[in-house]
Amino acid sequence: MSTIHKEGDLYKVINLFGNTFEVRYGYYDEEDRTSKFSEAIPIYPDFLKSPIFTPEGYPFVTQMQDICRYYEGEENSEECFSCKHYRQGEDLLGVCIYDGNKKSL
């Protein structure tokens, strides 16, 4: 029997490269919230909308984030996880280590 999670329930706390992220259950789209078959899912930070950086200035990214102009990897991929600059952290979170994306400190 699967557990039904409510919007706002804690999925996981991730400590990664000097930052802590709470991932909670929810919906990415209003349409998902109102569908009778849709269940709340873990909602990961939107680092494109609200950038967060490591203490060294590298941006956090999610595996499923859209690629940037510095992408180097599989030709048909549209997500960060297959980029050579992506460094896996925990779960679906990681860091882009391309110096062109690094924030000046």
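Worth saying up front: this structure is predicted, and the values here are computed from it rather than measured.

(A) Seen up close, the pattern of salt bridges. Taken as a whole, this structure holds 4 salt bridges when the rule is applied. With a closest N to O distance of 3.7 Å, Glu90 and Lys12 form a salt bridge. You can see Glu90 sitting in the loop between strand S5 (86-88) and strand S6 (93-96) and its partner Lys12 sitting in strand S1 (residues 10-16), a full 78 residues away along the chain. Its relative accessible area of 26% is what places Lys12 among the partly exposed residues. Linked through salt bridges whose partners overlap, the residues forming this network are Lys12, Glu90 and Asp91.

(B) Up close: the sheet that holds S5. A sheet is described by the order of its strands in space; here 3 strands give the open sequence S4-S6-S5, paired in antiparallel fashion. Taken across any chain shown, the strands that pair with only one partner, and hence form the sheet edges, are strand S4 (60-62) and S5. Ignoring which end each strand starts from, the neighbouring axes of this sheet average 45 degrees apart. Where S5 and S6 come together, 3 bridges link them in antiparallel fashion. Note that in S6 the partner of Tyr86 across the bridge is Cys96.

Criteria and cut-off values
- Residues numbered from 1 in each chain as written.
- Predicted model: local features only at pLDDT ≥ 70, side-chain atom pairs only at ≥ 80, totals over all residues.
- Heavy atoms only, no water.
- Salt bridge = Lys/Arg side-chain N within 4 Å of Asp/Glu carboxyl O.
- Helix = DSSP H or I, 4+ residues; strand = E, 2+ residues; numbered from the N terminus.
- Buried < 20%, exposed > 50% of the residue type's maximum accessible area, 1.4 Å probe, protein only.
- Pairing = 2+ DSSP bridges.
- Axes fitted to C-alpha atoms, helices over the stretch in contact; angles between N-to-C directions.

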